[in-house]
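Each chain is listed here by its residues.
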There are 2 protein chains.
Amino acid sequence: MPIEWAGSGPGLLLSLDRQGPEPLRSQLEGLLREAIRTGRLGVGERLPSSREMARELGLSRGLVQECYGQLQAEGYLSTQVGSATRVAAGAGISPAAPAPRPRPARLIADFASGVPDLAGFPRGDWLWALREASRTAPTAAFDYGDPHGSSLLREVLAAYLGRVRAAAADPERTVICSGFAQGLNLVLRALADGGVRKVAFEDPGYTETAAAACAAADVETVPVPVDAYGIDVDALEATGARAVVLTPAHQWPTGVVLAPERRLALVRWATRHDATIVEDDYDAEFRYDREPVGALQGLAADRVAAIGTVSKSLAPAMRLGWILCPPALADTVAELKLRQDRGSPELDQLALAALMESGRYDRHLRRMRVLYAQRRTALVESLAEHAPEVRLTGLAAGFHAVAHLPEGADEQSVIAAARERSVGLYGMSTHRSSGATDPAQLVLGFGNLGERPIREGIAAVAGILRGEREAAPAPE
Amino acid sequence: MPIEWAGSGPGLLLSLDRQGPEPLRSQLEGLLREAIRTGRLGVGERLPSSREMARELGLSRGLVQECYGQLQAEGYLSTQVGSATRVAAGAGISPAAPAPRPRPARLIADFASGVPDLAGFPRGDWLWALREASRTAPTAAFDYGDPHGSSLLREVLAAYLGRVRAAAADPERTVICSGFAQGLNLVLRALADGGVRKVAFEDPGYTETAAAACAAADVETVPVPVDAYGIDVDALEATGARAVVLTPAHQWPTGVVLAPERRLALVRWATRHDATIVEDDYDAEFRYDREPVGALQGLAADRVAAIGTVSKSLAPAMRLGWILCPPALADTVAELKLRQDRGSPELDQLALAALMESGRYDRHLRRMRVLYAQRRTALVESLAEHAPEVRLTGLAAGFHAVAHLPEGADEQSVIAAARERSVGLYGMSTHRSSGATDPAQLVLGFGNLGERPIREGIAAVAGILRGEREAAPAPE
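Residues numbered from 1 in each chain as written. Chains lettered and ligands numbered in written order. Predicted model: local features only at pLDDT ≥ 70, side-chain atom pairs only at ≥ 80, totals over all residues. Heavy atoms only, no water.

Digging into the interface of chain B and chain A
- The partner chain A presents 87 residues to the 88 residues of chain B that form the contact.
- There are 0 salt bridges connecting chain B and chain A.
- Scanning the region where chain B abuts chain A turns up 32 residue pairs in polar contact (both at pLDDT 80 or more).
- Going through the elements one at a time, helix 1 (24–37), helix 3 (61–73), helix 4 (123–136), helix 6 (180–193), helix 9 (260–272), helix 10 (296–299), helix 11 (327–341) and helix 12 (346–357) of chain B are the ones with two or more residues in the side of chain B that touches chain A.
- Broken down by element, the residue count for the side of chain B that touches chain A peaks at 7 residues, all from helix 4 of chain B.
- Class assignment of the residues belonging to the side of chain B that touches chain A gives a composition of 41 nonpolar, 20 polar and 27 charged. (Contact = heavy atoms within 4.5 Å. Salt bridge = Lys/Arg side-chain N within 4 Å of Asp/Glu carboxyl O. Polar contact = N/O pair within 3.5 Å; in protein donor to acceptor, adjacent residues only side chain to side chain. Helix = DSSP H or I, 4+ residues; strand = E, 2+ residues; numbered from the N terminus. Nonpolar A, V, L, I, M, F, W, Y, C, P; charged D, E, K, R; others polar.)

This is the structure:
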């Protein structure tokens, strides 16, 4: 029952719960703080004496005194000797909370890229690995760690990446990070520290990420065109950039694989200009037609900084990745990681090491490869059935593809019409540095999309394309 | 048994393991990559034809062709039509690994500060919490998350910090981060974005951390003296700084508690100058003599950015913390967190929420408070017994204290002598902006040190102090 108290100052409602688990003193403090914060008790306002307050509320005077003392120590109240206790000047009103953000509408099929099958996250295996990590971790593992990351994980990764990605990983030059975004940040800053002023990116590519990361590292970004063989190395050379960020195994977003002669030309370029190649090896685990092409890093470990993560292989929410650093960058990258966040969580690192060593990671990847291959087939088949005029490329690996819209189709209006039918489509234009919507292409992600929504979504898109064609003025 | 092959080019040793689990093709690829990387096969060197190689090694020609094709795709080999396969130009030699770093010597007692009892980490409770998190997390929790962090954790934290720290936490303005280092980084960058150019720090304080963080955010750092009542607000005002970073509940490293009038003066200062108070609430959970003083943030939520972590309450290796942002900073801080690392690991966040909600976190803190109180007693008692001339201050909270060495004692020589006896001591001078070694004080951490090493370490220190006194020239 609320207890009404009206004494000196305006009426104040203090409702104590005498049956609840919270001590009365703590309740009273909380209520008074709240009243001061919200302005119900204004600055300078006089509180009743502890004797009065105790009588009003049916509490002991000692309890009220302790409570006043605590709030005075915290700066909410002020007491001068021989004078009343008042609300202290400065004890303020906190502003109202902002309105909640609107939630996006639900889609029947969202072809967003870059997200793996989230339901496929191996919860049981991961818990097993965490249990193993927790069981076997020495006490010292709970301290601040080596800024390079767990030495166990770095060793396991070196062996794993050597075997699976033909990388030449050296645990001493590996730095564990929270994923690609942080990895890129750290490498760009380390390059900037070393005097690099201009960094090239693939075009189309991850334009926005690149711009933000380069701005944070205070380096200039310059786009370099990608053709059917990957990045144009002559164009790269012409930019004068001292570093390039690229996705050799499966170019993001076009999906082309960097051609062998381009790989070699890149390494020659890097050697000639004392330049660094930053390799984003984001989805190479999922290659369908043949064994994945080994990491560029393995070919030129002293020129390549390779960034990898488990964001695609396990889940983005893991926030675990690694940087295989060239010798010139390793110490700076580790130092920057130390300053930025003092390392990644140790138990997660140890758990990933256990997952990899036990073979559970490989097993999970095999399972997911089958799943993505099925979804890929669903995409190919439903396009062939409903919209055979749409060509698909970039399907050698990963879980996205590029759909080339037929002549005359407008990227933006197809996307808008699809959204009307609750289908999420994404255009290539946002990945082009020019923002050009021509040629009209869609980047179709199918990692986190079941076969049924894929087929339904593609059928809807086909309907839109038919509608566009019929609505279009007949050629003169 | 190794198979010797000597054909065109220098002798090459390729040892295939025909009984092992690794497919022969993968073995052959690995051996060739390794030979190229290490320079055993030099650039331009001709490889035997696939037919010759197959015969020499007793493999099928198709297998060797596949292997050559793979290495060609990866850039290790190059093949011109009608010409031999050669080691590609650019396929390079990776440099030798650096020598392993020397390990620090083992100490009988290390009074390093800032580390809690690592053996006390509640492994069982944490695994329980991870299991709960994994069991209850929706599928979407495995995607990239809200850059503010898990909404569940932010709600649990708001309730927890309101109850335990009298904070006025608003989940919408809370950003989960990886700990104090990252929290400070993000807040300083957000302040710099908002035009702040000069940031004040407590002196003594965490001088090096401050300097590094300010350098990274490109703001000037200015030290402000701390006296027995905490930071000198008049001196702060005189600096013209628009932000101050401080430790009100238990000043690092002096251990003084910010006096009520200083708290109010600070809030008035911040209001008058549109300034921001960055509150580091690092060990307030462990207060021994009375209830901890509430967070300054609760008093002025629109002026204070409060950074908290579980580095002291659970373990540094967790890498989880939070920032209660004032309205003006909240969006920028979240945006910076997004760019820096795209958020902290979601399962860890959900597990911390479960740990707090279940009461296990409180129970752990109560257990640890008892442990630290015992160690604190051991420190006080052994100093009283062995070196009564050494005064201890800053013991109201946390797990470090300041030892005031007797007149004439030299901080650096006491530290050096202690190191000789395998006792790790740390001077106040490293925390002073001036680096002054006078007055001679030690910062004694006892969080991760058992009662026995505390007593042994203090006995050794007392012996050193006696030795110094006896060796010192008698006053004239």
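Additional details are given in the paragraphs that follow.
Comments concerning the confidence of the model for chain A
Residues and elements named next belong to chain A.
- Considering every residue of chain A, the mean pLDDT works out to 89; 93% of them sit at 70 or more.
- A low-confidence stretch, residues 1–12 stays under pLDDT 50, and its non-local contacts, those more than four residues away or across chains, total 27 contacts.
- Scoring of the predicted complex yields 0.86 for pTM and 0.86 for ipTM. (pLDDT = per-residue confidence, 0-100.)

Considerations on unusual backbone geometry
- Of note, the bond from Asp203(B) into Pro204(B) is cis; its omega dihedral lies within 30 degrees of zero at 0°.
- The residue Pro204(B) is located in the loop between strand 7 (198–203) and helix 7 (207–217) in this model.
- Across the junction of Asp438(B) and Pro439(B), the peptide omega takes the value 0°, indicating a cis bond.
- Within the element layout of this structure, Pro439(B) appears in the loop between strand 16 (423–424) and strand 17 (441–445).
- Phi is positive for Ser422(A), which is not a glycine, with a value near 60°.
- Along the chain, the position of Ser422(A) falls in the loop between helix 14 (411–420) and strand 16 (423–424).
- The exposure class of Ser422(A) is partly exposed, given its relative accessible area of 25%. (Buried < 20%, exposed > 50% of the residue type's maximum accessible area, 1.4 Å probe, protein only.)

Some remarks on the relation of the copies chain B and chain A
- The transform that puts chain B on chain A rotates by 180° and translates by 0.0 Å along the axis, for an RMSD of 0.2 Å. These values place the two chain copies in the arrangement generated by a two-fold rotation axis.
- With an isologous cut-off of 70% or more, the 99% of interface residues of chain B that recur at the interface of chain A puts this contact in the isologous class. (Least-squares fit on C-alpha atoms with pLDDT ≥ 70 in both.)

Describing helix 14 (residues 411–420) of chain B
Residues and elements named next belong to chain B.
- Listing the buried residues of helix 14 in full gives Glu411, Val414, Ile415 and Ala418. The buried residues of helix 14 occupy an angular sector of 100° when projected down its axis, which confines them to one face.
- Along its buried surface, helix 14 packs onto strand 16, strand 17 and helix 15 (451–471).
- One or two positions beyond helix 14, positive phi appears at Ser422, with a value near 65°. (Arc of directions from axis to C-beta.)

Observations concerning the side chain of Ser311(A)
- As for its placement among the helices and strands, Ser311(A) is situated in the loop between strand 12 (304–309) and strand 13 (321–324).
- The contacts of Ser311(A), once residues within four sequence positions are left out, are Pro116(A), Pro316(A), Arg319(A) and Tyr144(B).

With respect to the pattern of salt bridges
Residues and elements named next belong to chain A.
- On inspection of all chains with the given rule, the structure shows 42 salt bridges over all chains.
- The partner of Arg154 in a salt bridge is Asp146, and the shortest N-O contact between them spans 3.4 Å.
- Overall, Arg154 belongs to the buried group, its relative accessible area being 6%.
- The partner of Glu456 in a salt bridge is Arg452, with the nearest N and O atoms 3.1 Å apart. Highlighted residues: Glu456 and Arg452, both in helix 15 (residues 451–471), separated by 4 residues, approximately one helical turn.
- Overlapping salt bridges, with partners in common, bring together Arg25, Glu29, Arg33, Glu66 and Glu74 in one network.

Examining helix 4 (residues 123–136) of chain A
- With 14 residues, helix 4 of chain A extends 20 Å from end C-alpha to end C-alpha; this agrees with the ideal 20 Å at 1.5 Å per step.
- Within helix 4 of chain A, the full set of buried residues consists of Asp125(A), Trp126(A), Leu127(A), Ala129(A), Leu130(A), Ala133(A) and Ser134(A).
- Along its buried surface, helix 4 of chain A packs onto helix 12 (346–357) and helix 13 (360–386) of chain A together with helix 4 and helix 12 of chain B. (Expected span 1.5 Å × (residues − 1).)

Structural notes on the side chain of Ser178(B)
- Of note, Ser178(B) is situated in the loop between strand 6 (174–177) and helix 6.
- Apart from residues no more than four positions distant in its own chain, Ser178(B) is found in contact with Asp341(A), Arg319(B), Leu320(B), Gly321(B), Lys337(B) and Ser344(B).

With respect to the packing of helix 1 of chain B against helix 3 of chain B
Residues and elements named next belong to chain B.
- Look at helix 1 against helix 3: their axes get within 10 Å of each other, and the N-to-C directions meet at 45°. Between helix 1 and helix 3, the angle is such that the two are oblique. For the pair helix 1 and helix 3, the crossing hand works out as right-handed. Where helix 1 approaches helix 3, its residues Leu24, Arg25, Leu28, Glu29, Leu32 and Arg33 are matched on the opposing element by Leu63, Val64, Glu66, Cys67, Tyr68, Gln70 and Leu71.
- Across the contact of helix 1 with helix 3, the residue classes tally to 8 nonpolar, 1 polar and 4 charged. (Axes fitted to C-alpha atoms, helices over the stretch in contact; angles between N-to-C directions. Parallel < 35°, antiparallel > 145°, perpendicular 65-115°, else oblique. Left-handed = near helix turned anticlockwise from the far one by under 90°.)

Section: the packing of aromatic side chains
- Tallied over the full model, the rule gives 16 aromatic pairs over all chains.
- With a centroid separation of 6.4 Å and 75° between ring planes, the pair formed by Phe201(A) and Tyr206(A) is classed as edge-to-face. By the burial criterion, Phe201(A) is buried, and Tyr206(A) matches it.
- Pairing Tyr372(B) with Phe399(B) gives two aromatic rings, centres 4.6 Å apart and planes at 45°, and the pair type is tilted. Taken as a pair, Tyr372(B) in helix 13 (residues 360–386) and Phe399(B) in the loop between strand 14 (391–393) and strand 15 (400–404) lie far apart in primary sequence, 27 residues in all.
- By way of ring pairs, the aromatic residues Phe180(A), Phe201(A) and Tyr206(A) are connected into one cluster.
- When the ring centre of Trp128(A) is taken as reference, the NZ or CZ atom of Arg360(A) above it lies at 3.5 Å. (Phe/Tyr/Trp six-rings, centres within 6.5 Å; stacked < 30°, edge-to-face > 60°. Lys NZ or Arg CZ within 6 Å of the ring centre and 35° of its normal.)

Things to note about the pairing of strand 17 of chain B
Residue and element names in this part refer to chain B.
- Counted residue by residue, strand 17 has 5 buried out of 5 residues, so it is predominantly covered.
- Because side chains alternate across strand 17, one face comprises the buried residues Gln441, Val443 and Gly445, and the other comprises Leu442 and Leu444, equally buried.
- Bridging between strand 15 and strand 17 involves 5 bridges; their strand directions are antiparallel. Across the sheet, His404 pairs through a bridge with Gln441, a residue of strand 17. (Pairing = 2+ DSSP bridges.)

Focus: the environment of Pro292(A)
- Among the secondary structure elements, Pro292(A) is positioned in the loop between strand 11 (276–280) and helix 10 (296–299).
- In sequence terms Pro292(A) and Val257(A) are 35 residues apart; their C-alpha atoms lie 9.9 Å from each other.
- Each residue touching Pro292(A), except ones within four places of it in the same chain, is listed here: Arg165(A), Ala284(A), Arg287(A), Gln70(B) and Glu74(B).

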